[in-house]
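# Structural overview
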Amino acid sequence: MKVGEIQQLFEPLFPGLMGVKLTEATPERVVATMLVRPDLCTAGGILHGGAHMAFADTLGAVGTILNLGDGKRTTTTDSSTKFIAGARLDTVVTGECLALHRGRTTMVWQTSIRNAEGRLCAVVTQTQLVLDGAG
């Protein structure tokens, strides 16, 4: 799948609602941006931790999907987040998600989320289970 095709799939779904914009998507690396809007923030105009996690989860799922065989699907089974710094309202965060393991039954991805100044905000490591069937 191409970046534009994946982006179209996002639009009616939660990643579209959050404003996730893919810039690169390969079987080894997924990169995207997201505007820090008021509805994604905590008090004080800082990106909510759950928004960090959902952003990263989306990128890891995209990476897994790009590695799936025919008739396979995926779901997240584990996610661990380390928060390091904040991202301010009306700035853009960038997520870079790298494959740590791409196996037959599981895939492990690590996403680094950086704020507009390039400072590391969060590191998310997640495991995706590869399943049979469409639903």
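Bear in mind the structure is a predicted one, so any value in this text is a computation, not a measurement. (Residues numbered from 1 in each chain as written. Predicted model: local features only at pLDDT ≥ 70, side-chain atom pairs only at ≥ 80, totals over all residues. Heavy atoms only, no water.)

### Focus: the nonpolar core
Put simply, the rule is: What is meant by a nonpolar core is a set of buried Ala, Val, Leu, Ile, Met, Phe, Trp, Tyr and Cys residues, joined one to another through side-chain atoms within 4.5 Å. Think of it in three bands: residues with accessible area under 20% of the maximum for their type are buried, residues over 50% are exposed, and the middle band is partly exposed, with areas taken using a 1.4 Å probe on protein chains only. Segments assigned H or I by DSSP are reported as helices when at least four residues long, segments assigned E as strands when at least two residues long, and all are numbered from the N terminus. Note on contacts: a residue pair is in contact if any heavy atoms of the two residues lie within 4.5 Å.
By size, the foremost hydrophobic cluster in this structure holds 30 residues, and its most contacted members are Met-34, Leu-47, Phe-55 and Val-93. At the level of secondary structure, the elements contributing two or more residues to this core comprise helix H1 (3-10), strand E1 (21-25), strand E2 (29-35), helix H3 (49-65), strand E6 (92-102), strand E7 (106-114) and strand E8 (120-132). The element best represented in this core is H3, accounting for 6 residues. Leave out the neighbours within four places in its chain, and Met-34 touches Met-18, Gly-19, Val-20, Leu-40, Leu-47, Ala-51, Phe-55, Thr-91, Val-92 and Val-93.

### A word on the pairing of E1
Quick reminder of the rule: Criterion used throughout: strands pair if DSSP finds at least two bridges between them.
Of the pairings in the sheet, the one linking E1 to E2 comprises 4 bridges and is antiparallel in character. Residue Lys-21 lies in a different strand from E2, and its bridge partner there is Thr-33. The loop that links E1 with its antiparallel partner E2 comprises 3 residues.

### Some words on the sheet that holds E6
Spelled out, the test is: Between N-to-C directions, angles span 0 to 180 degrees; the directions come from axes that are lines fitted to C-alpha atoms, helices contributing only their stretch in contact.
Pairing in this open sheet of 6 strands is antiparallel, and the strands run E1-E2-E6-E7-E8-E5 from one edge to the other. Edge positions in the open sheet fall to E1 and strand E5 (72-83), since each of these has one partner strand only. Pairs of neighbouring strands in the sheet enclose a mean axial angle of 20°, with direction left out of account. In the sheet, E7 pairs with E8 via 9 bridges, with the strands oriented antiparallel. Each bridged residue has a counterpart across the sheet, and for Arg-114 the counterpart in E8 is Leu-120. Its contacts with the sheet place H3 against E1, E2, E5, E6, E7 and E8, and it is angled at close to 45° to E8.

### Re the environment of Cys-121
By secondary structure assignment, the location of Cys-121 is in strand E8. A sequence separation of 71 residues divides Cys-121 from Gly-50, and the C-alpha atoms of the two residues are 13 Å apart. With sequence-adjacent residues up to four places away left out, Cys-121 is seen in contact with His-52, Lys-82, Phe-83, Ile-84, Ala-85, Gly-86, Ala-87, Ile-113, Arg-114 and Asn-115.

### Things to note about H3
Applied cut-off: Take the residue count of a helix, subtract one, and multiply by 1.5 Å to get its expected span.
Given a rise of 1.5 Å per residue, 17 residues ought to cover 24 Å, and the 24 Å separating the end C-alpha atoms of H3 matches this to within 8%. When you tally the buried positions in H3, you get 12 out of 17 residues, the bulk of the element. Buried within H3 are the following residues: Ala-51, His-52, Ala-54, Phe-55, Ala-56, Thr-58, Leu-59, Gly-60, Ala-61, Val-62, Gly-63 and Thr-64.

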